[in-house]
Structure formats: C-alpha cells, structure tokens
Amino acid sequence: MAKSYYEVLGVEKSASQDEIKSAYRKLARKYHPDLHPNDKSAAEKFKEVSEAYDTLGDEAKRKDYDNPMSGFGRGGGSAGAGGFGGFDFGGQGGFGGFDINNIFSMFGGGRGHAEDEIAPIYAEVTLSFEEAAYGATKEVEITRAESCQDCKGNGSKNGTAHEKCSTCGGSGTIRQVQETLFGRVASNRACHKCNGFGKIIKESCPKCSGKGVKKITSKIRLTFPQGLEDNQQVSVRGEGNAGKNGRKGDLLIRVRVLKHKHFVRDGYNLIMNMPITFIQAAVGDKIEVYNLKEDKFILNIPEGTQHGTVLAIKNAGISKGLRKGDILIKILVEVPKNLSKEQKTALKKLDTSLKISQYDKVSKFRMD
C-alpha cells in the first residue's frame, strides 16, 4: 500500500503547518540531488518528499487530500482522472488553469531565483551604565561566513568555471503542472538541479570547496544607540553570515548593561537612594551630588525632611538634544546605633524639650 503524504514527511495527521514545513526542509536537505549526484534513489525520494509537501503545505490542497470523498486522501495519489468518478477537470474545465507559486519552498519557490536561507549569528556585548545611557561605539568580535574573495562568492574556480543549468535554462525555476480536483494547477519551484541559482559549477573553487563562503573571525566597530536596556537585543542588518552570491544575514546582539554604584535609570531620569543622618533630616543640610557626566549639583535638604521623601534636581539627569531628565533622590533617614551613655542623656534632654505637636505623624497616631 502506498504511503500517505503524512507518512512520507514523517508527521502526524494533526501536524501544524510549521511542523510540516520543518519536516519537509529536513528531508529536502537530506535527499537533495546536489548532495547525492547520480543517486536515483535519493532523487526519487526528493521528488516524493516535494510532492507530499506540495499538497500538505497548501491548506486548500491539504483539505481536499484529507477529505475521503475526494478520492484524494485514501490512496495518497493525485486527484486527476480518478477524483469524482472519472470526471475530467483538466484543460478549460472546472476552474480553468490556476497559476499558484509555492511561496513556502525552502529554495525560494515561485518567486524565481532562489535565495539562501541564512540563519542569523549571535553575539553579546557589555556596556557600562554610562555607555548604555548615552550610546557608545564598541568593537565586537564575531565569527561569520564571509564571501570567498577568490570566487566572488559563487563557488566556482576563479569565479567563472560554471555553466547555465540545462534543466531550468538558467532561470533557476521549473514550472510544474498538476491535474487536481479544481483543474490544472501550475506552480513554479526552484530547480532541483542547480538549487535555484540557474548555474552549474563545473569546477569548484579550491579556497572554499565550492561553498562560496569561508568562516572568518574578525572585529567590527558598531555604534550602539542611546538608552539601551539590560538584556535588550539589537539587530544589525547585513553584518551576519554571507550566503552564496553575496547576500548577507543579520547579526543579533544581546546587550548586557553593568549596574551603577548609585543610579538606576527610568527613561531620561536617574534615580538613587541617599542615606542621611537623623540630625541632617531634622535641621536640614546641603549635599553635593554628581551626575553621570561628573557635573556637580547641590541638593538642598529642608529641615524636618522625613524618611522616604523624594527630592529632585531638575535637568541634571540624562540629556538628549533638548530633552533633559532629572535626578530623583529618595531620602533614607538613618538612626544611629551603639550610643554612649552621654549621647543617650543628651538625646533624652533634647526629647524632653520637644513638644508632641512638632511630630506630625506621632501626634496623630492613636491605638484605639
């Protein structure tokens, strides 16, 4: 009994489109004729896998295939003359001739010339708190595939030892026509012979073994914008792996931002906790405060400042153009420990001189 398309791709009947697409790509790479020259068995397997995906990868075709009344799904065959009691939906019958480009093809499908599927590369960079706040230019070391200079990225010796693909005539695509329940369906697929490039390499480049690219470790200078956050990902287009014929993928960089000794950021504002003595809080004081650019500001602590009070120094935070943030300072009043006998006596003397009305919260608090 012939295998069903689901069995061919090795997926369950309930598989999602993403699962079907993933299974197809793995099998297509495994049995691709370029990897198995002159292997008829692999070529047949590749054809079988492609046929299965051509149906299951299309929601409408898959629905017809799964419908037992269509005569399509039971035997895993085509819906040509068999279909509905031998009705002929080809030619001008039925819905006429559809022209559907299979955009899900791993090789670029009906769009014409195939494009390599280039996976991004990943790197990590560490920025200081100040660099993240104001932006910075850093050197980043990466290992990536770069176009081979000897063959200019096309994989052939001296960049010229190739010929037009005889199977697709150099177009990179092959037109397929199938008889279906809805009539004759035409689709363009990437040529299996040349992998969609339209050219066949006669003699591979000795420097890159015909791959068109070589792995190279190098340092590149990148400018990171102002305001990056810890663990943020930055995408740099065109700085990733190179594919054949010069197309490049992206570089994805994970940003690590070091903590500051005093500050945390909230947009353009800088936030910090500042401990002061209870004497400073009671009688007031003036304290020097420095921002990220070492500019000095004077923080005025009014007398009677309470624990948890937030004081602001305007326009002293992070600046960008005409925009300026503030420094927001949360006051933490600290009570002294390990008092001597004399200190305790002095404090008690002070306490007896104070009136209860001088304490806002204490005077209003009642345990009823």
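Up top is the structure.
**Thoughts on the layout of surface pockets**
Space left empty within the atom packing is revealed by a probe, the size of a water molecule, rolled over the atoms. Here the second largest pocket defines a volume of roughly 850 Å³. Phe 278, Ala 282, Gln 306, Leu 354 and Tyr 359 are, among the 21 residues lining the second largest pocket, the residues nearest its centre. Counting residues per element, the ones that place at least two in the lining of the second largest pocket are helix H6 (278-283), helix H7 (341-353) and helix H8 (360-364). Top contributing element to the lining of the second largest pocket by residue count: H6, with five residues.

**Observations regarding the sheet that holds strand E10 (residues 251-257)**
Taken together, three strands build an open sheet; the order of strands is E2-E10-E9 and the sheet is mixed. Strands at the two margins of the open sheet, each flanked by one partner only, are strand E2 (121-127) and strand E9 (233-236). Across the sheet, the axes of successive neighbouring strands diverge by a mean angle of 30°, strand direction being ignored. Two strands pair when backbone bridges link them, and E2 and E10 are joined in this way by seven bridges, in the parallel orientation. The residue bridging Ala 123 from the neighbouring strand is Ile 253, located in E10.

**Considering unusual backbone geometry**
The backbone phi angle of Asn 315 is positive, close to 60°, even though this residue is not glycine. Topologically, Asn 315 is positioned in the loop between strand E15 (310-313) and strand E16 (319-320).

**Topic: the sheet that holds strand E11 (residues 264-266)**
What the four strands build is an open sheet, ordered E11-E12-E18-E15; its pairing is mixed. Looking at the sheet topology across the chains shown, the edges are occupied by E11 and E15. With strand direction ignored, the average angle separating the axes of adjacent strands in the sheet is 35°. Where E15 lies against strand E18 (residues 327-334), four bridges are found, and the strand directions are antiparallel. Within the sheet, the bridge partner assigned to Ile 313 lies in E18 and is Ile 327.

**Examining the packing of aromatic side chains**
Aromatic ring pairs are defined here through the distance separating the ring centres and the angle between the ring planes. Under the defined criterion, the tally for this structure stands at three aromatic pairs. Here Tyr 6 and Tyr 65 contribute two aromatic rings whose centre-to-centre distance is 6.1 Å and whose plane-to-plane angle is 55°, an arrangement assigned as tilted. Placement of the pair is Tyr 6 in helix H1 (residues 5-9) and Tyr 65 in helix H4 (residues 59-66), with a sequence separation of 59 residues. One exposure class covers both Tyr 6 and Tyr 65, and it is buried. A network of ring pairs unites the aromatic residues Tyr 5, Tyr 6 and Tyr 65 as a single cluster.

**Topic: a nonpolar patch on the surface**
There is a patch of nonpolar side chains on the surface, built from Leu 350, Leu 354, Ile 356, Tyr 359 and Val 362 and spanning about 420 Å² of accessible area. Note on placement: Val 362 falls in helix H8. A residue is classified by how much of its surface remains accessible, and Val 362, at 49% relative accessible area, is partly exposed.

**Quick look at helix H3 (residues 40-56)**
One turn of the α-helix equals 3.6 residues, which is why residues spaced by three or four share an orientation. Relative to the 24 Å expected for 17 residues at 1.5 Å per residue, H3 spans 24 Å between its end C-alpha atoms, a close match to the ideal helical length. Every buried residue of H3 is listed here: Ala 42, Lys 45, Phe 46, Val 49, Ser 50, Ala 52, Tyr 53, Asp 54, Thr 55 and Leu 56. Residue Asp 39 occupies the N-cap position of H3, its side-chain oxygen lying 3.1 Å from the main-chain nitrogen of Ser 41.

**Structural notes on the packing of H3 against H4**
Here H3 crosses H4 at 100°, and the two axes come no closer than 6 Å. As summarised for this structure, H3 and H4 are arranged roughly perpendicular, according to the angle between their axes. Residues Asp 54, Thr 55 and Leu 56 of H3 form the contact with H4, whose participating residues are Lys 61, Arg 62 and Tyr 65. Among the residues making up the contact of H3 with H4, the classes are represented as two nonpolar, one polar and three charged.

**Topic: the pattern of salt bridges**
Considering all chains together, one arrives at eleven salt bridges under this definition. Ionic pairing is found between Arg 62 and Asp 66, a salt bridge with its closest N-O pair at 4.0 Å. Taken together, the residues Arg 62 and Asp 66, both in helix H4 and four residues apart, mark about one turn of the helix. Residue class for Arg 62 comes out buried when judged on its relative accessible area of 9%. On the basis of relative accessibility, which here comes to 26%, the residue Asp 66 falls in the partly exposed class. When the shortest N-O distance is used, the salt bridge between Arg 144 and Glu 239 registers 2.6 Å. One end of the pair, Arg 144, is in strand E3 (residues 136-147); the other, Glu 239, is in the loop between E9 and E10, and 95 residues separate them in sequence. Taken together, the shared-partner salt bridges in this structure form one network comprising Arg 144, Glu 146 and Glu 239.

The rules behind each value
Residues numbered from 1 in each chain as written. Predicted model: local features only at pLDDT ≥ 70, side-chain atom pairs only at ≥ 80, totals over all residues. Heavy atoms only, no water. 1 Å grid on protein atoms, 1.4 Å probe; cavity = no way out; pocket = protein on both sides within 12 Å on 5 of 7 lines; lining within 4 Å. Points joined across faces, edges and corners; volume = space filled by probe spheres on them. Helix = DSSP H or I, 4+ residues; strand = E, 2+ residues; numbered from the N terminus. Pairing = 2+ DSSP bridges. Axes fitted to C-alpha atoms, helices over the stretch in contact; angles between N-to-C directions. Phe/Tyr/Trp six-rings, centres within 6.5 Å; stacked < 30°, edge-to-face > 60°. Buried < 20%, exposed > 50% of the residue type's maximum accessible area, 1.4 Å probe, protein only. Patch = residues over 30% accessible without salt bridge, like charges linked within 9 Å, V, L, I, M, F, W, Y side chains within 5 Å. Areas by Shrake-Rupley, 256 points an atom, 1.4 Å probe, with all protein chains shown as cover. Salt bridge = Lys/Arg side-chain N within 4 Å of Asp/Glu carboxyl O. Expected span 1.5 Å × (residues − 1). Polar contact = N/O pair within 3.5 Å; in protein donor to acceptor, adjacent residues only side chain to side chain. Parallel < 35°, antiparallel > 145°, perpendicular 65-115°, else oblique. Contact = heavy atoms within 4.5 Å. Nonpolar A, V, L, I, M, F, W, Y, C, P; charged D, E, K, R; others polar.

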